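Descriptive analysis of the structure
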Protein chains: 4
Amino acid sequence: MTVLDLNCDVAEGFGTWRLADDDALLTVVTGANIACGFHAGDPSAMRRACLTAVRHGVAIGAHVGYRDLAGFGRRFLDVDPAELTDDVLYQLGALSALASAVGGRIGYVKPHGALYAAIGSHEGQARAVVSAVLQFDPSLPVLGMPGSRWLALAASAGLPTVPEAFADRAYTPDGRLLPRRLPGAVLTDPAVVASRVVRLATAGEVEATDGTVLPVAARSVCVHGDTPGAVGLARAARAALVGAGVSLRSFV
Amino acid sequence: MTVLDLNCDVAEGFGTWRLADDDALLTVVTGANIACGFHAGDPSAMRRACLTAVRHGVAIGAHVGYRDLAGFGRRFLDVDPAELTDDVLYQLGALSALASAVGGRIGYVKPHGALYAAIGSHEGQARAVVSAVLQFDPSLPVLGMPGSRWLALAASAGLPTVPEAFADRAYTPDGRLLPRRLPGAVLTDPAVVASRVVRLATAGEVEATDGTVLPVAARSVCVHGDTPGAVGLARAARAALVGAGVSLRSFV
Amino acid sequence: MTVLDLNCDVAEGFGTWRLADDDALLTVVTGANIACGFHAGDPSAMRRACLTAVRHGVAIGAHVGYRDLAGFGRRFLDVDPAELTDDVLYQLGALSALASAVGGRIGYVKPHGALYAAIGSHEGQARAVVSAVLQFDPSLPVLGMPGSRWLALAASAGLPTVPEAFADRAYTPDGRLLPRRLPGAVLTDPAVVASRVVRLATAGEVEATDGTVLPVAARSVCVHGDTPGAVGLARAARAALVGAGVSLRSFV
Amino acid sequence: MTVLDLNCDVAEGFGTWRLADDDALLTVVTGANIACGFHAGDPSAMRRACLTAVRHGVAIGAHVGYRDLAGFGRRFLDVDPAELTDDVLYQLGALSALASAVGGRIGYVKPHGALYAAIGSHEGQARAVVSAVLQFDPSLPVLGMPGSRWLALAASAGLPTVPEAFADRAYTPDGRLLPRRLPGAVLTDPAVVASRVVRLATAGEVEATDGTVLPVAARSVCVHGDTPGAVGLARAARAALVGAGVSLRSFV
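The notes below deal with the structure included here. Owing to the predicted nature of the structure, the values given are computational and were not obtained by experimental measurement. (Residues numbered from 1 in each chain as written. Chains lettered and ligands numbered in written order. Predicted model: local features only at pLDDT ≥ 70, side-chain atom pairs only at ≥ 80, totals over all residues. Heavy atoms only, no water.)

1. Examining the pattern of salt bridges
Note the following rule: Whenever Lys or Arg places a side-chain nitrogen within 4 Å of a carboxyl oxygen from Asp or Glu, that contact is recorded as a salt bridge. Comment: elements are numbered from the N terminus, with helices defined as DSSP H or I runs of at least four residues and strands as E runs of at least two. Throughout, exposure labels follow a simple rule: accessible area from a 1.4 Å probe, protein chains only, divided by the maximum for the residue type, with under 20% read as buried, over 50% as exposed, and the rest as partly exposed.
If you walk through the whole model with that rule in mind, you get 44 salt bridges over all chains. Where B:Arg47 meets A:Asp86, a salt bridge forms, and the shortest distance between an N and an O atom there is 2.5 Å. Taken together, the residues B:Arg47 in helix H2 (residues 43–55) and A:Asp86 in helix H3 (residues 81–101) connect one chain to another. Using a relative accessible area of 18% as the deciding quantity, one classes B:Arg47 as buried. The closest approach of N and O atoms between D:Asp226 and D:Arg74, which form a salt bridge, is 3.2 Å.

2. Quick look at unusual backbone geometry
The backbone phi angle of A:Ala11 is positive, close to 60°, even though this residue is not glycine. As for its position among the elements, A:Ala11 is in the loop between strand E1 (3–10) and helix H1 (22–25). We classify A:Ala11 as buried; its relative accessible area is 2%. The backbone of B:Phe72 sits at a positive phi, close to 55°, despite the residue not being glycine.

3. A closer look at the pairing of strand E6 (residues 161–166) of chain B
All names here are of chain B. The condition that has to hold: For two strands to be treated as a pair, DSSP must find no fewer than two bridges joining them. The path from the first strand over the helix to the second decides the hand: if it runs clockwise while the strands point away from the viewer, the crossover is right-handed.
By the criterion of burial, E6 is predominantly enclosed, with five of the six residues buried. In the sheet, strand E5 (residues 142–144) pairs with E6 via three bridges, with the strands oriented parallel. Each residue of the ladder has a partner; that of Gly144, found in E6, is Pro163. Tracing the backbone out of E5, into helix H6 (residues 149–156) and back to the parallel element E6 gives a crossover that is right-handed.

4. As for the packing of aromatic side chains
Put simply, the rule reads: By convention, a stacked pair of Phe, Tyr or Trp rings (six-membered ring in the case of Trp) has centres within 6.5 Å and planes under 30 degrees apart, an edge-to-face pair has planes over 60 apart, and any other such pair is tilted. The rule is short: NZ of Lys or CZ of Arg within 6 Å of the ring centre and within 35 degrees of the ring normal puts a charge over the ring.
Evaluated as defined, the whole model comprises 29 aromatic pairs over all chains. Note on A:Tyr116 and A:Phe166: the rings are 5.8 Å apart at their centroids and 80° apart in plane angle, and the pair reads as edge-to-face. Here A:Phe166 lies in strand E6 (residues 161–166) and A:Tyr116 lies in helix H4 (residues 113–118), a separation of 50 residues in the sequence. One exposure class covers both A:Tyr116 and A:Phe166, and it is buried. Among the aromatic residues, those joined into a cluster by ring pairs are A:Phe14, A:Trp17, A:Phe72, C:Phe14, C:Trp17 and C:Phe72. In this structure, D:Lys110 is placed above the aromatic ring of D:Tyr116, and the distance from its NZ or CZ to the ring centre is 5.7 Å.

Structural data, given as structure tokens:
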């Protein structure tokens, strides 16, 4: 029987601003990527997300990003690798304290946005993030794109790696995510998302924008929480997976 | 024989900006109040300060402050207590991760600037900081002004409390620090600072601006690192204390 | 015939975050308080708000605030008055450039949140904001609470002053706004808001929380855009005013 | 007789942090690149720099940068061009208000750090900055590297362009600046800087790292204020130029 983790981003507001319905999302997923304050996520939002995750038995993931509130961490920033390591360590420690305060702990690490994209191939930044996780806790699993430089380096360094797929993002024929700024990059039809996620889970494949069928060996699937109808989308994905006999469980 | 801790602020730069000669200061003091990123202190500066402190056997203190880089944490901010607790927890966790990465750990907590001043009497904010420390590590000593509401609440909550005095700050007749914006608030003559610190250590008293002699039972003395000639001042204080038979040792 | 300005806050998002339906609000009001980047309002959001305001013939107001994105400018910050003057000038200039770029110009100044509240009585900060407006453009009208220190100082300095009332905020018996953190501070029933705003416009009075009837001579009325159902509320206020024969027109 | 502008960066501190001795630098140069708050430069520092510039008859330049205080604007940030235009407009407006308040005005625009480097070749960002200047004031001269895409686009758009050279930076054989992180990138020997600047002014050439002699037709020369001994370096450059019969005068 196939076992899959369903992860989504939460705590992506800042101060008075909210982005998604975290409370609802955390009743659907098995892993919560919690923003750590650099691209989003004020300390109180982080605590609330940790608390809700703990209550629902959802694994807490550190969603570390570039220091860029104005850009929501979605713009490449050419940070020096040594500084990036420290930036990531800082975020891991901060989230860890808030998770501990509510009886939880960080279960995994997933870089966010442009950092996630960059370390697919940026050697220096990929090494920097690996180094931060190693220094923080070398037993911590990390999420990433199958085939990414980041996941390869993490594996070489002995970190448990979890390849993931995206239920609601279009793929280019060479297996990367279609950049967000392009039309059709984010899928919002629950039926489409549901059928894609089932195909991912049961056949290990996803269809690219040009119809190419890409093999994707994912242990986790990401759904986004900030798209219109996100909660409905996540529920549709979950229901379809359960209906297809997939067991939803965190890898933590 | 009198035992005294000598603490000073370090890692008070941000990015390209530096404030004090941390490397020199850390050869003089026994406790390093390390900024945690909210009023100053980028992650790499924090790591460097932790590393230097570890090398010199200096205790690592979490110098937590208001989120106010533009004001260097020296302006009162009317933060909601629940949010303040989370802000402090966030900073404690962040510093903890960087300290651990270099083989150190947080040895104590000292609030910074306007937060330090506010919790001398602001009930809600004082309770908020106590709550953060309790949630992070209830065995962690906290520094504060003798007689402050903050230290009283911390003691009631079971936290080890360390009363401190200021070697280079003028005192008002009622035992508070003369606000920084007033003339004469910060003392910069090494001979004056040296004689004050010896009197503090050996007689337990300090002279206020009007000549009043105030009893001050301090287990730690603070010297500032960002005043002109700060390192010389710290060295003068240390030499005078050693000459007076005082043993300089952290309480950690 | 009574003439009234109806003002509301817009551009109160930041980066990816949005707070209100600005496009809809700007079809209802006659004055747009545009956030200037310190408590909210990234440059692109400011431009969009200016552009929409220009298209609808809505006056552009500079909604200047404390530098506090995390607190949305709703927390008192003890800024030095000289620095506050420069902070406000900076915001005025920034908004002015974006307004000019779309063919508009700043028509008035309204301080935001905790700054608005503080300068009701805080002499130093009130003088600081007056000084900033004088230095920027001494012909610019300023909005404020009738009876506030801010409005009195502005009038003494020769600035045109516009007293305003709040359609959707509860008043204390002494004529101030009930603080937001207290229950009942923000009114959300369109019928209640509509009847209050008509009474304000036609009888020049508002009922306080204890039933006291307060005289309020307002030339402008504020409705908030970030409350649930805000656009409906604003429309209800507008319709009721028009129905009562009030002419809605900016003072600019 | 050769006429040259000598420009340097000022107001590059933030809050409590200072970077250079602005007061001394502004007695030496003819153009002041004033940071506008995104990479450095709080409003009060900007005002002080404007005031000092006005007093010494130094032209005020808008030193616009990426929104990146932590990285001092020295890290490439992949900002969307439309947002970059608004970010630059915002900074221009802010500086303009502070300059006006002290009787000055913006005389030219010079992008800072990584933005300056990026728009040497990044088409989208170069166009974005040109667009911002055009929208702000199409008569405003802009500074840049001769041969840069930025200067070419600015010229095509009708903006007055001022090619500049760097007195204290090493050049690569292809005429670009050696990146700061490389050894030898920043020159600190006053004699070397003096002789280079004279050769630039009189022969219109500079020697690259490999000895190649590069033709550089510069109307302005930049000296940095944040290197050790910066004021001495600026004075040496000025004295050498005057000694060589060069007339130091702004192009504004």
